[in-house]
Amino acid sequence: MSINDYPAKLTDGYYRVRVSWEDASSQVGQYRLLSSATAKADANPGTHVFTDDGTPIYPEDVVAEAVTEEDAPQETPPNDGNTETIKYGKLNTLMNVRAGNSLDADKVTVLKKGAVIEILEDCGDGWYRIKCSAADCGYAYITNSTGEYITVGSSLYTVEAGDTLWKISEKTLGKGSRNGEIKTANKLGAEVIRVGEVLLIP
């Protein structure tokens, strides 16, 4: 379908203007009028117009790319067989978790911003295979294609009574002066941490 096949004005739902459908936080507007949506996309380079079900319809290059991906044969998602956690991650935004390493793959579940994930495999192209209790097989896939959706670290640390970021940095990274790295990895706006809080260690 071309953009001309879509209604000029919606009576239900919206045309949404985002950088990617997966990243709801990248949305810069939603419109009933298609012309308003395309104008907003033109004014914000890198954004695209999506229908309510996530179908990209503007500009033409993203439509062509989506059609190519849809028509391509679906391959079995990569799986190196590893069942042990190799890294940990913390989500910086609400994210879909999928059955395969493709945006066309079925959605398994949705994880909230701040959720901690266990990474089993780096599949390349920004995709990770992660532990997922919502999947029958015990794992699923999530994308970090821009490098901004997920902050990845080597381990986790649960805050104990009397802990400070300096002390945690000494315990986990060998130097208290690296406490800023922990603060950045966990998007902490201040030095305040809570007992029981799970921190990502770079």
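The rules behind each value
Residues numbered from 1 in each chain as written. Predicted model: local features only at pLDDT ≥ 70, side-chain atom pairs only at ≥ 80, totals over all residues. Heavy atoms only, no water. Helix = DSSP H or I, 4+ residues; strand = E, 2+ residues; numbered from the N terminus. Buried < 20%, exposed > 50% of the residue type's maximum accessible area, 1.4 Å probe, protein only. Contact = heavy atoms within 4.5 Å. Areas by Shrake-Rupley, 256 points an atom, 1.4 Å probe, with all protein chains shown as cover. Lys, Arg positive; Asp, Glu negative; His and termini not counted. Charge placed at Lys NZ, Arg CZ, Asp CG, Glu CD. Phe/Tyr/Trp six-rings, centres within 6.5 Å; stacked < 30°, edge-to-face > 60°. Lys NZ or Arg CZ within 6 Å of the ring centre and 35° of its normal. Core = buried A, V, L, I, M, F, W, Y, C linked by side-chain atoms within 4.5 Å. Pairing = 2+ DSSP bridges.

(A) Up close: the overall build of the chain. Looking only at helices and strands, one finds 4 helices and 13 strands in the chain. C-alpha extents for the chain along the principal axes are approximately 60 × 40 × 25 Å. A buried classification covers 39% of the 202 residues belonging to the chain. Once local pairs closer than 6 in sequence are excluded, the contacts in the chain between residues at least 24 apart make up 52%. Total accessible area computed for the chain in this model is approximately 11,200 Å², and 50% of it derives from carbon and sulfur atoms. Here the chain carries 20 positive and 30 negative side-chain charges, and the mean point of each set is 11 Å from the other.

(B) Local environment of the packing of aromatic side chains. Scanning the model with the defined rule gives 2 aromatic pairs in all. Seen in terms of ring centroids, Trp 21 and Phe 50 are 5.6 Å apart; in terms of plane orientation they differ by 45 degrees. Their pairing is tilted. Highlighted residues: Trp 21 in the loop between strand S1 (15–18) and strand S2 (29–31) and Phe 50 in strand S3 (residues 48–50), separated in sequence by 29 residues. The class of Trp 21 is partly exposed, set by a relative accessible area of 21%. Aromatic pair Tyr 139 and Tyr 141: ring centres 6.1 Å apart, planes at 85 degrees, arrangement edge-to-face. Directly above the ring of Trp 21 sits Arg 18, whose terminal nitrogen or CZ lies 4.3 Å from the centroid.

(C) The nonpolar core, seen in detail. Core analysis: the largest hydrophobic core is formed by 14 residues, its most contacted members being Leu 91, Ile 117, Ile 130, Ile 142 and Ile 150. Leave out the neighbours within four places in its chain, and Ile 117 touches Lys 87, Tyr 88, Gly 89, Leu 91, Leu 111, Ile 130, Ile 142 and Ile 150. Counting 11 residues, the second-largest nonpolar core is a separate cluster that includes Leu 10, Val 17, Val 49 and Tyr 58.

(D) The arrangement of the pairing of strand S6 (residues 95–98) in detail. Alternating residues of S6 divide into Met 95 and Val 97 and Asn 96 and Arg 98, and every residue in both groups is buried. In the sheet, S6 pairs with strand S7 (residues 107–111) via 4 bridges, with the strands oriented antiparallel. Paired with Val 97 across the bridge in S7 is Thr 109.

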